[in-house]
Amino acid sequence: MFTETRSWRAVQRAVRVADMAATPHGVDRYVELVAPTWSTTEVRGRVALVRRQTDNTVTLTIDPNRNWRGFRAGQHTQLTVEIDGVRHTRCYSMASSAAAASRHFELTVKAHPHGTVSNFLVEHAQPGLVVGLSPAQGAFTMPALRPSRLLLISGGSGITPVLSMLRTLCEEGHTGPITFVHYALRSDDMTYRSELDALAAAHPNIRLIRVFTDEPGTGDLDGFVDLAQLADIDASWAAAEAYVCGPAPLMAAVEEIFAQRGIGKQLHTEAFALEQVLAEAGSVGGSLRFAASSTSVPSDGRTVLQQAEAAGLRPASGCRMGICHTCACPLQAGTVRDIVTGELTSGAGADVRICVSVPVGDVEFDL
Amino acid sequence: MTTTMTATTMTEGVEGVEAVEAVGSFESVESVESIDSIGSIGSEGGVGSEGVTFDAIRTTAAEFGLTSSDLDALGAEFEAIRREVLSDLGQRDVDYIRRVIRAQRGLAAGGRALLFAGFFPPAWLAGTAALAVAKILDNMEIGHNVMHGQYDWTRDPVLSSKQFDWDTACPGDQWRLSHNYEHHTFTNIVGKDRDVGYAILRISPDQRWTPVALGNPLYAALLALMFEHGVMLHNVEAERLMSGDKSWSEAWPTLRGGLAKSARQAVKDYVLWPLATGPMALSTMAGNATANVARNVWAFTIIFCGHFPAGTYEFSVEESEEESRGHWYFRQLLGSANIEGGALFHLMSGNLSHQIEHHLFPDLPAHRYGELAPRVRAICEQYGLPYNSGGLSRQFGSVVAKICRMALPGGRSWTARAFPVAA
């Protein structure tokens with residue numbers, strides 16, 4: 001690869017010297033002001049294409065910078081966008097083929113009722129938007145030696161990782177039988193309809209089943225997944241490796257079917273990436289988890305700092321009244337309330353002053 | 001709903017302060033002992049006809065006729081402003097600081113480029129000036145304010161108080177701890193706030209006089225020239241190291257960090273860039289040194305005007321024990337002084353010219369202080385509290401006079417005469 005070449009090593013040496021000349025900020029902090037996606041280390045991208053397949057979704061084609069090392073079908077990236085001056089990070093699965101020649105990749109985002117990021121992207125995303133990315137991550141992937149028989153099941157916007165698998169298999173010239181089942185509420189609610197039709201038409205080994213649960217009689221089948229429906233779709237389903245992504249009830253139903261047959265090992269699932277929903281303000285209880293020290297305590301309503309100290313942790317702290325920011329610590333998951341301002345903060349990555357923050361429901365900190 | 005929240009805030013404030021005292025106490029006991037006869041301080045001062053002390057230096061809320069419920073009300077007024085601004089933070093603030101960063105990076109790059117033509121005197125002058133301005137912007141409006149956490153809400157790693165480091169000898173993370181915690185929590189409490197005289201100068205009559213203080217003006221001049229290294233050594237608590245209160249092994253981790261950062265800075269300014277300019281090496285070195293010193297003197301000037309001019313107050317450890325949030329606001333207000341000037345002056349001073357607003361709202365974006373100043377002044381009038389504001393020559397002139405007078409023993413009655421307080 002390019003990383004191994006002599007010229008790349010020379011570039012890296014030059015960057016190190018330039019970083020010393022640009023200390024303490026480093027070269028990136030200068031160059032990014034001229035070229036926002038350029039970085040020596042960070043993965044960033046520019047939205048190259050935007051299309052809106054349905055009323056409440058947006059499909060983005062992203063042109064990543066050279067730090068992007070590609071992905072395996074089924075993986076996701078942590079996408080960061082800035083909304084009114086604040087950065088927000090959410091996970092989205094790649095929907096495009098991992099075997100494509102182009103470095104561009106595709107994400108489809110569905111607007112959730114209270115989703116800050118999803119609504120922003122659906123309403124405002126346009127070509128040229130610069131986004132932060134993480135390297136591709138996630139273990140919801142197929143083995144390198146592709147299974148001979150595949151069952152891909154998705155619901156709603158959970159279509160993206162399994163579609164990526166389907167597209168990748170097609171591009172690789174996979175010849176084994178693939179059954180692709182997708183559940184949508186209505187036919188006009190389904191993304192990638194024409195792409196799926198085209199793929200199925202061009203590849204005789206693909207069997208495409210569409211189910212519109214709110215509109216019986218309009219799809220290939222009706223109703224929610226159960227053993228009878230699965231057998232109806234593919235008589236040899238139990239011989240397939242299955243990949244499922246969708247709402248929790250769909251995944252639970254499929255898991256139960258596979259478990260009952262004793263073939264749970266053949267089933268691979270990806271939790272449906274729901275946006276953070278604000279927990280009820282002022283509620284007590286829940287658990288407070290300190291990930292770095294593998295400690296979990298039932299939340300007693302005091303500040304996160306007090307509870308961390310009570311649990312035997314020694315987080316950095318200073319004024320203990322919300323002034324000095326010494327105790328600021330990234331929130332991993334959940335919601336906290338600022339006892340001075342009453343403000344609620346949610347979502348992974350937010351820096352929180354733990355001396356003036358109380359947990360609202362289940363909360364996790366990197367402490 | 002609002003009332004309930006305010007009550008909660010106050011309670012939390014009090015609890016929080018108790019915790020601070022507990023944390024700080026093991027250090028403060030020794031430092032307090034080094035100050036002679038705290039108990040006798042009040043006796044020299046008197047209370048004027050309007051209930052305002054004319055012994056300018058040390059004061060209490062009672063001298064201003066403020067009860068604890070007055071202080072709570074005062075605190076609630078400032079809390080309301082703070083909440084209002086916090087809920088209004090957004091794109092405007094981010095756009096502003098990014099504009100300053102862009103200008104700073106442009107000036108730094110442009111200045112260094114101009115020094116390649118250092119043989120041409122106007123290019124050398126312009127390059128050195130651009131670099132000096134870049135360093136000042138980096139340290140004051142960007143570094144100081146970003147490291148206060150003023151932009152942490154953006155979650156942008158470039159604007160994160162934890163990740164930012166500035167173009168100066170002192171490592172950002174070390175400064176953040178000593179400055180944001182010690183100085184901003186214990187502001188102007190003699191014996192607890194090590195920024196009172198920076199442990200080098202005798203700046204208050206409450207600091208014990210020794211013959212060492214005779215060198216006050218000289219130390220101040222040296223500190224001005226080498227301010228970045230002064231700030232670095234301040235974190236090492238060099239004075240306690242010299243007096244034997246702190247062991248070398250205790251100081252070593254901080255010192256090592258400070259020396260490593262200073263070395264990186266020196267390599268950049270005195271090796272890499274001079275080498276890059278080839279035959280212009282010496283001229284580049286001189287330009288970089290000039291820019292560093294210009295930044296040092298400017299930062300010293302602005303920062304010394306923050307808490308030492310005529311009319312700024314100090315507080316006793318006792319007065320500030322178990323203080324309410326309202327009392328904390330009172331102390332920040334009376335311990336700080338503003339410098340008046342135009343928009344460019346405020347930018348170049350990192351808005352520390354609005355030192356009063358900065359100490360009331362240390363984590364609000366500093367470019368908003370100018371907008372808040374009239375409201376803070378109105379609250380001061382309402383509560384009969386002084387609002388110390390003056391031009392640079394007046395504020396800095398009184399600091400210089402104080403540094404010179406404090407070189408000699410005593411000085412309390414001189415302070416009272418020289419710095420009459422107007423409420």
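Attention here is on the structure that accompanies the text. This one's a predicted model, so the numbers in the text were calculated from it and none came from an experiment. (Residues numbered from 1 in each chain as written. Chains lettered and ligands numbered in written order. Predicted model: local features only at pLDDT ≥ 70, side-chain atom pairs only at ≥ 80, totals over all residues. Heavy atoms only, no water.)

1. A short note on unusual backbone geometry
The general pattern is negative phi for most residues beyond glycine and trans for most peptide bonds. To keep it simple, the criterion reads: Numbering goes from the N terminus for both helices and strands, where a helix is a DSSP run of H or I of at least four residues and a strand is a run of E of at least two. Three labels apply to residues, based on accessible area from a 1.4 Å probe with only protein chains included: buried if under 20% of the type maximum, exposed if over 50%, partly exposed otherwise in between.
Cis geometry is adopted by the peptide bond preceding P24(A), which originates at T23(A) and carries an omega value of 0 degrees. Mapped onto the secondary structure, P24(A) falls in the loop between α1 (6-21) and α2 (28-31). Phi at N188(B) takes a positive value of approximately 60 degrees, unusual for a residue other than glycine. Structurally, N188(B) is set in the loop between α6 (172-185) and α7 (216-225). You can call N188(B) buried: its relative accessible area is 2%. If you check the backbone angles, E322(B) has positive phi at about 50 degrees while not being a glycine.

2. Observations regarding the sheet that holds strand β7 (residues 150-155) of chain A
Residue and element names in this part refer to chain A. Convention followed: By definition, two strands form a pair when at least two bridges between them are found by DSSP. Between N-to-C directions, angles cover 0 to 180 degrees, with each direction set by a line fitted to C-alpha atoms, over the stretch in contact for helices. Residue contacts are counted whenever heavy atoms from the two residues lie within 4.5 Å of one another.
Spatially, β9-β8-β7-β10-β11 is the arrangement adopted by the five strands of the open sheet, whose pairing is parallel. Of all the strands in the sheet, the pair left with one neighbour each is β9 (206-212) and β11 (267-271). Averaged over neighbouring strand pairs, the angle between their axes works out to 10 degrees when direction is ignored. On top of the sheet, helix α4 (residues 159-172) reaches β7, β8 (178-184), β9 and β10 (241-246); it is set at about 145 degrees to β7, its chief contact. This element, helix α5 (residues 193-202), spans β8 and β9 of the sheet and lies at about 150 degrees to β9.

3. Let's talk about the nonpolar core
Residue and element names in this part refer to chain B. Cut-off, in case you're wondering: Side-chain atoms within 4.5 Å link the members of a nonpolar core, which is a set of buried Ala, Val, Leu, Ile, Met, Phe, Trp, Tyr and Cys residues.
Counting 42 residues, the largest nonpolar core has F227, F300, F304 and I403 as the members making the most contacts within it. At six residues, helix α5 (residues 121-147) tops the list of elements feeding residues into this core. Sequence-distant contacts of F304, that is, excluding residues within four places in its chain, are made with Y198, L201, L223, F227, P309, V399 and I403. Counting residues in hydrophobic clusters, the runner-up holds 38 residues, among them Y313, F330, A366 and L372.

4. Notes on the environment of V225(A)
All names here are of chain A. In this structure, V225 sits in the loop between β9 and α6 (227-233). For V225, a relative accessible area of 9% translates into the label buried. With 32 residues separating them in the primary sequence, V225 and I257 have C-alpha atoms 9.5 Å apart.

5. Quick word on helix α16 (residues 392-405) of chain B
Our working definition: A helix's residues, less one, multiplied by 1.5 Å, set its expected span.
Along its 14 residues, α16(B) runs 20 Å from first to last C-alpha, staying within 8% of the 20 Å computed at 1.5 Å per residue. Within α16(B), burial applies to Q395(B), S398(B), V399(B), K402(B), I403(B) and R405(B).

6. Description of the packing of aromatic side chains
Note the following rule: Pairing of aromatic rings covers Phe, Tyr and Trp, the last counted by its six-membered ring, and requires centre-to-centre distances within 6.5 Å; plane angles under 30 degrees mean stacked, over 60 mean edge-to-face, and any other angle means tilted. Look at NZ for Lys and CZ for Arg. If either is within 6 Å of the ring centre and within 35 degrees of the ring normal, a charge sits over the ring.
Overall, the coordinates contain 21 aromatic pairs over all chains when judged by the stated rule. Considering the side-chain rings of F71(A) and F105(A), the 6.4 Å spacing of their centres and the 65 degrees angle between planes classify their relative orientation as edge-to-face. Of this pair, F71(A) sits in the loop between β2 (57-64) and β3 (76-83) while F105(A) sits in strand β5 (residues 105-110); the two residues are 34 residues apart in sequence, bridging distant segments of the chain. Neither residue differs from the other here; F71(A) and F105(A) are each classed as buried. Note on F315(B) and F330(B): the rings are 6.0 Å apart at their centroids and 70 degrees apart in plane angle, and the pair reads as edge-to-face. Of this pair, F315(B) sits in the loop between α11 (281-307) and α12 (325-335) while F330(B) sits in helix α12, and the two are 15 residues apart along the sequence. For F315(B), a relative accessible area of 0% gives the class buried. An aromatic cluster is present here, built from Y198(B), F227(B), F300(B), F304(B), F308(B) and F396(B) joined pairwise through their rings. Its end group placed over the ring of Y30(A), R105(B) keeps NZ or CZ at 5.6 Å from the ring centre.

7. Some words on the packing of helix α3 (residues 68-88) of chain B against helix α15 (residues 369-383) of chain B
Residues and elements named next belong to chain B. The condition that has to hold: Angle categories: roughly parallel below 35 degrees, roughly antiparallel above 145, roughly perpendicular from 65 to 115, and oblique for all the rest. The classification used treats Ala, Val, Leu, Ile, Met, Phe, Trp, Tyr, Cys and Pro as nonpolar, Asp, Glu, Lys and Arg as charged, and all other residues, Gly among them, as polar.
Where α3 meets α15, the closest approach of the two axes is 11 Å, and the angle between their N-to-C directions is 170 degrees. As far as their axial angle goes, α15 and α3 are roughly antiparallel. Contacts from D70, A73, L74, E77, F78, I81, E84 and V85 in α3 reach L372, R375, V376, I379, Q382 and Y383 in α15. Tallied by class, residues from the contact of α3 with α15 come to nine nonpolar, one polar and four charged.

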